[in-house]
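For reference, the chains in residue letters:
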Amino acid sequence: MTPHERISTAALLTVLVSLLLVGLVSGTMIRHAVQVLPVLAAGLVVVLRLAWSRFAAMPVFAFWLFIMLLIWLFLLGLASVVTGRFSPAEVGLTVVIGMACVAGLGATARAPTRSHWRSGVTALLSFGALQVGAMWLSLQPALASR
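Okay, so let's go over this structure.

About the criteria used
- Residues numbered from 1 in each chain as written.
- Predicted model: local features only at pLDDT ≥ 70, side-chain atom pairs only at ≥ 80, totals over all residues.
- Heavy atoms only, no water.
- Helix = DSSP H or I, 4+ residues; strand = E, 2+ residues; numbered from the N terminus.
- Rg over C-alpha atoms; globule rule 2.2 N^0.38 Å.
- Buried < 20%, exposed > 50% of the residue type's maximum accessible area, 1.4 Å probe, protein only.
- Contact = heavy atoms within 4.5 Å.
- Areas by Shrake-Rupley, 256 points an atom, 1.4 Å probe, with all protein chains shown as cover.
- 1 Å grid on protein atoms, 1.4 Å probe; cavity = no way out; pocket = protein on both sides within 12 Å on 5 of 7 lines; lining within 4 Å.
- Points joined across faces, edges and corners; volume = space filled by probe spheres on them.
- Nonpolar A, V, L, I, M, F, W, Y, C, P; charged D, E, K, R; others polar.
- Lys, Arg positive; Asp, Glu negative; His and termini not counted.
- Salt bridge = Lys/Arg side-chain N within 4 Å of Asp/Glu carboxyl O.
- Polar contact = N/O pair within 3.5 Å; in protein donor to acceptor, adjacent residues only side chain to side chain.
- Expected span 1.5 Å × (residues − 1).
- Arc of directions from axis to C-beta.

**Focus: the overall build of the protein**
Scanning the protein from terminus to terminus reveals seven helices and zero strands. Starting at the N terminus and ending at the C terminus, the protein contains elements arranged as α-α-α-α-α-α-α. In terms of overall dimensions, the protein is globule-like: its C-alpha atoms have a radius of gyration of 15 Å, near the 15 Å expected for 146 residues. Referenced to the eigenvectors of the C-alpha coordinate spread, the extents of the protein come out at roughly 45 × 30 × 25 Å. Put simply, the protein has 146 residues, and 41% of those count as buried. In the protein, the proportion of contacts linking residues at least 24 apart, taken out of those at least 6 apart, comes to 77%. Accessible surface for the protein amounts to roughly 7,700 Å². Of this, 74% is attributable to carbon and sulfur atoms.

**Digging into empty space enclosed by the protein**
Under the counting rule described, the total for this entry stands at one cavity of 30 Å³ or more. By volume, the largest cavity is sized at about 100 Å³. For the largest cavity, the lining is made up of 13 residues, of which E5, S53, R54, A111 and R114 are closest to its centre. If one sorts the elements of the lining of the largest cavity by residue count, helix α1 (residues 3–26) sits on top with three residues. For the lining of the largest cavity, a count of residues per class yields five nonpolar, five polar and three charged.

**Side note on the side chain of R54**
As for its placement among the helices and strands, R54 is situated in helix α4 (residues 53–75). Of the side chains with opposite charge, E5 comes closest to the buried, unpaired R54, at an N-O distance of 9.8 Å. For R54, the side chain forms a polar contact with the main-chain oxygen of T108, separated by 3.1 Å. Once residues lying within four places of it in the same chain are set aside, the contact partners of R54 are T108, A109, R110, A111, P112 and T113.

**Details of helix α6 (residues 117–138)**
Compared with the 32 Å implied by 1.5 Å per residue over 22 residues, the 31 Å span of α6 between its first and last C-alpha is a close match. Residues of α6 that are buried make contact with α2 (29–35), α3 (37–47), α4 and α7 (141–144).

**A look at the pattern of salt bridges**
This model, assessed by the stated rule, comprises two salt bridges. Across the salt bridge formed by R49 and E5, the nearest N and O atoms sit 2.9 Å from each other. Linking R49 in the loop between α3 and α4 with E5 in helix α1, this pair joins segments that are 44 residues apart in sequence. On the accessibility criterion, R49 (40% relative accessible area) is partly exposed.

**Overview of the side chain of T28**
Secondary-structure assignment places T28 in the loop between α1 and α2. Residues within four places of T28 in sequence aside, it is in contact with G23, A144, S145 and R146.

**A few points about α3**
Among all positions of α3, only P38, V39, A42, G43, V45 and V46 are buried. What you see down the axis of α3 is that its buried residues fit within an arc of 160°, all on one side. α3 presents L40 and L44 as exposed residues on the side facing more than 90 degrees away from its buried surface. The positive-phi residue at the C-terminal boundary of α3 is R49, with phi of around 60°.

Right, here's the structure in full:
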């Protein structure tokens, strides 16, 4: 594995574990298990060293960094796109997730391109849609409070 792939893998693992810990702390483990499926898939692609792996990881990191930013803006009273009550443990985990996403985005941005641009765009759009879809599914009434 290249240094960029190691950093991406560690960052994806950090995001995955941290999100599952949020699920454990908040009592919404099933919801968070659904949310991390694209993180797990991106991690698998990176570990398998597929040529387009960096493009699979990028939208996952960007999505979760965006969600963390929305949570921080809510906690600071600057926006209410995301609302709720966040325990100190959950707030701490948002910082860990945010830092992992920044590290992961940095690593994927600096990694050499080994794939054709069409493969990269396809992976970027597919994993972005997969992450958005997983979040949408996790917010449906059947899973939202589980």
